[in-house]
Amino acid sequence: MRPLFKNIRVLACLCIVFVLVAALPLSEAAQSVRPNSKGSDASKIVLPDPLIFQNGKRVHNAEAWPQRRQEILHQFENQVYGRTPAKRLPLRFTVSSVDPTALGGQAIRKQVTVHFTSKAGGPKMDILLYVPAHSPKPVPVFLALNFAGNHTVDPDPGIKLGEVWTRDPATEISGLSNELVKHVKRQAPESSRGMAANQWQVEKILARGYALATIYYGDIEPDFDGGIKYGARPLFFRTGQTEPAPDEWEALGAWAWGLSRAVDYLKIDSDVDPKKIAVMGFSRLGKAALWAAAQDQRFAVVISNESGKGGASLYRSKAGESVEHLNTAFPHWFCANFHKYTGHDSEVPVDGNLLLALIAPRPLYVASAEQDPFSDPPSEFLAGVDAGRVYELLGKLGLGTDQMPPVEHPIMKTVGYHIRAGKHDVTAYDWDQYLNFADMFLKAPQGRAGKEAGSDH
């Protein structure tokens, strides 16, 4: 049984949370006060310092950073996401279809199944890959998980309608959040084609010379408490094991693992450049994208779209989502060790600034939305500001300011940021910025990226 449910007081809180949620110790030497940010209590936030070792010694140069990086990574593994197993599965890749004239000739559409075992009918995930038909190959590629099935990213009738996990109709009047009820796996209906197309802007991405690879996150592990038995994680269990240990991965770790397995395929696809993979994630999948890139440095560019707490924003901020909410509404996301911080947000030994620092020196873009208080935009920005200190240590450009920019005035350096008008979403405006940012680092001629990254746009 999860530690969460051993506490009777938390059980009582669940009754309230279920109704409200319908969607979705540091030593003094290791602390530092961060700069102010408009619209937040940032001047009062005390953060763990990415440039101070746990023993209190300071990181003075770039040569010392890998050791400090490993220390931070281990803290996230042990206390937040859980350890991802080092074991390698016998992956098999099956290309089920290729259409060289998809989307009216704009794209080559490939559909690839990644089998996690050598057994027929075992766990697997399906990659939908669009490659711009008329661009010189290999091309850079955006990689991202999707929420509702590959067929939802575009109305293209050639995309296979897969099976998706949906809320059991019997729970419709339960008042429980989607992640805490029984689910069933069903064939996706034809009517769901392209229902999330506005969030993906497939034709815009292709027109800019980028490929797009996406996977339904429910293929890797379904997003509900108890979904572990339907995903890839049991393949790593030891004999007799039925649940992860307190410091072992949960669902966010599984989704991050799946992104890395997609890279394993992209490395062998001659149409894409495996050294130019930009990973992007939205909301909870933004958390997964950041954790994937923290562990796997094959991701060349990293983009967090409104990832909030457990992602880019700060546990220590009083605004936005709380650790208690994360652990009650989504008890399957974080490792069991993380649950001891319920009600003790400021005692989490790491924070969003350290997670972003793990991406350095690779280009990192953080995006927020003005009407998305749950993701806490001011602290997402503040985390980017503080992580920039690591980028600067490594000879790259951080945000260069501690003042949050106006709405829709992006900052584009090696660390980028924007806040746009609107709510929790991925929009055409967001994609315009991600494409501009990717151009600076994945398309700029050798030696020019650093110069171009020095300007604000």
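Residues numbered from 1 in each chain as written. Predicted model: local features only at pLDDT ≥ 70, side-chain atom pairs only at ≥ 80, totals over all residues. Heavy atoms only, no water.

J.: I would appreciate a short explanation of the overall build of the chain in the present structure.
T.: Summing up its helical and strand segments, the chain has 12 helices and 14 strands in all. Looking at the chain as shown, the accessible area adds up to about 18000 Å², and 54% of this sits on carbon and sulfur atoms. (Helix = DSSP H or I, 4+ residues; strand = E, 2+ residues; numbered from the N terminus. Areas by Shrake-Rupley, 256 points an atom, 1.4 Å probe, with all protein chains shown as cover.)

J.: Sorry, what's going on with the pattern of salt bridges here?
T.: Any two side chains of opposite charge can pair, on the condition that their charged atoms come close. Within the structure shown, the criterion is met by 26 salt bridges. The partner of Asp 99 in a salt bridge is Arg 109, and the shortest N-O contact between them spans 3.5 Å. A residue pair is termed long-range when its members are at least 10 positions apart, and Asp 99 in strand E3 (residues 92-101) and Arg 109 in strand E4 (residues 107-115) qualify at 10 residues. The class for Arg 109 is buried, based on a relative accessible area of 7%. Linking Glu 179 and Arg 284 is a salt bridge whose minimum nitrogen-to-oxygen distance equals 2.8 Å. Pair noted here: Glu 179 is in the loop between strand E7 (163-167) and strand E8 (183-187) and Arg 284 is in helix H7 (residues 284-295), with a separation of 105 residues, a long-range link. Given the relative accessible area of 3%, Glu 179 is considered buried. Among the residues examined, Arg 284 registers a relative accessible area of 3% and is labelled buried. Shared partners join several salt bridges into a network, and the residues in it are Arg 88, Arg 261, Asp 264, Asp 296 and Arg 298. (Salt bridge = Lys/Arg side-chain N within 4 Å of Asp/Glu carboxyl O. Buried < 20%, exposed > 50% of the residue type's maximum accessible area, 1.4 Å probe, protein only.)

J.: It is not clear to me how the packing of aromatic side chains should be interpreted in this structure. Could you clarify?
T.: Given two aromatic rings, their pairing is described by the distance between the two centres and the angle made by the two planes. Per the stated rule, a full pass over the model turns up 28 aromatic pairs. Measuring from ring centre to ring centre gives 5.9 Å for Phe 76 and Tyr 81, while their planes differ by 20°; the resulting arrangement is stacked. The class for Phe 76 is buried, based on a relative accessible area of 1%. Assessed through its relative accessible area of 0%, Tyr 81 is described here as buried. (Phe/Tyr/Trp six-rings, centres within 6.5 Å; stacked < 30°, edge-to-face > 60°.)

J.: Explanation requested: the sheet that holds strand E5 (residues 124-132) in the structure shown.
T.: Working definition: the strands of a sheet are paired by backbone hydrogen bonds and lie parallel or antiparallel to each other. Here 10 strands make up an open sheet; going across it, the order is E3-E4-E5-E9-E6-E10-E11-E12-E14-E13 and the pairing mixed. The open sheet terminates on both sides in strands that have one partner only, identified here as E3 and strand E13 (411-412). Pairing geometry for E4 and E5, over 9 bridges, is antiparallel. Bridging from a neighbouring strand, Ile 108 pairs with Val 131 of E5. In this fold H7 packs onto strand E6 (139-146), strand E10 (272-282), strand E11 (301-305) and strand E12 (364-369), with an angle of close to 140° to the strand it touches most, E10. Along the sheet face, helix H11 (residues 428-443) touches E6, E10, E11, E12, E13 and strand E14 (415-420) and points at about 170° away from the line of E14. (Pairing = 2+ DSSP bridges. Contact = heavy atoms within 4.5 Å. Axes fitted to C-alpha atoms, helices over the stretch in contact; angles between N-to-C directions.)

J.: Honestly, H7 in this entry has me stumped. Any pointers?
T.: Note that an α-helix has 3.6 residues per turn; residues three or four places apart therefore point the same way. For H7, which comprises 12 residues, the first-to-last C-alpha distance of 17 Å matches the rise-based estimate of 16 Å (1.5 Å per residue) to within 8%. Restricting attention to buried positions, one finds in H7 the residues Arg 284, Leu 285, Gly 286, Lys 287, Ala 288, Ala 289, Leu 290, Trp 291, Ala 292, Ala 293 and Ala 294. (Expected span 1.5 Å × (residues − 1).)

J.: What exactly am I supposed to notice about unusual backbone geometry here?
T.: Outside of glycine, negative phi angles account for most residues, and trans bonds account for most peptide bonds. Looking along the chain, the bond that leaves Lys 137 and enters Pro 138 is cis, with omega of 0°. Here Pro 138 shows up in the loop between E5 and E6. Residue Pro 361 is bonded to the preceding Ala 360 through a cis peptide linkage, with omega at 5°. With phi around 60°, Ser 283 is a residue other than glycine that occupies positive phi space. The topology assignment puts Ser 283 in the loop between E10 and H7.

J.: Looking at this structure, how should I read the pairing of E6?
T.: Both faces of the sheet carry side chains from a regular strand, because those side chains alternate between them. Of all 8 residues making up E6, 8 are buried, and the element is well covered by its neighbours. Bridge analysis of E6 against E10 gives 4 bridges, and the strand direction is parallel. Note on E10: the bridge partner recorded for Leu 143 is Val 279. Bridge analysis of E6 against strand E9 (residues 211-216) gives 6 bridges, and the strand direction is parallel. Within the sheet, the bridge partner assigned to Leu 143 lies in E9 and is Ala 213.

J.: So what exactly am I meant to see when it comes to the packing of helix H6 (residues 251-266) against H7 here?
T.: The packing of two helices is summarised by the inter-axis angle and the distance between the axes. Taken N-terminus to C-terminus, the directions of H6 and H7 make an angle of 60°; their axes are 8 Å apart at the nearest point. In terms of orientation, H6 lies oblique with respect to H7. Remark: the crossing between H6 and H7 carries right-handed chirality. Residue-level contacts link Leu 252, Gly 253, Trp 255, Ala 256 and Leu 259 of H6 to Arg 284, Leu 285, Lys 287, Ala 288, Ala 289, Trp 291, Ala 292 and Gln 295 of H7. Broken down by class, the residue content of the contact of H6 with H7 amounts to 9 nonpolar, 2 polar and 2 charged. (Parallel < 35°, antiparallel > 145°, perpendicular 65-115°, else oblique. Left-handed = near helix turned anticlockwise from the far one by under 90°. Nonpolar A, V, L, I, M, F, W, Y, C, P; charged D, E, K, R; others polar.)

J.: Would you explain the environment of Pro 222 in this entry?
T.: On the secondary structure map, Pro 222 appears in the loop between helix H5 (217-220) and H6. Between the C-alpha atom of Pro 222 and that of Lys 185, which follows or precedes it by 37 residues, the distance is 9.5 Å.

J.: Would you explain the environment of Leu 235 in this entry?
T.: In this structure, Leu 235 sits in the loop between H5 and H6. Leu 235 sits 119 residues away from Phe 116 along the chain, and the two C-alpha atoms are 8.5 Å apart.

J.: Where do I start with the nonpolar core in this structure?
T.: Burial of nonpolar side chains together is a common tendency in soluble globular proteins. Phe 76, Leu 143, Trp 255 and Phe 299 are the most contacted members of the largest nonpolar core, which has 98 residues in total. The dominant element in this core, judged by the number of residues it contributes, is H6, at 11 residues. Every residue in contact with Phe 299, bar those within four places of it in the chain, is listed here: Leu 143, Leu 259, Ser 260, Val 263, Ile 277, Val 279, Ala 292, Ala 293 and Arg 362. Counting 34 residues, the second largest nonpolar core, distinct from the first, contains Ile 159, Val 202, Ile 303 and Val 426. (Core = buried A, V, L, I, M, F, W, Y, C linked by side-chain atoms within 4.5 Å.)

J.: What should I look at first to understand the environment of Ser 191 in this one?
T.: Structurally, the position occupied by Ser 191 is in the loop between E8 and helix H4 (202-207). The class of Ser 191 is exposed, set by a relative accessible area of 67%.

J.: Quick question: what am I supposed to make of the side chain of Asn 305 here?
T.: Along the chain, Asn 305 falls in strand E11. Among the polar contacts made by the side chain of Asn 305, one reaches the side chain of Glu 306 at a distance of 3.3 Å. Setting aside its immediate chain neighbours within four residues, Asn 305 contacts Met 280, Gly 281, Phe 282, Ser 283, Ala 367, Asp 425, Val 426, Asp 430 and Tyr 434. (Polar contact = N/O pair within 3.5 Å; in protein donor to acceptor, adjacent residues only side chain to side chain.)

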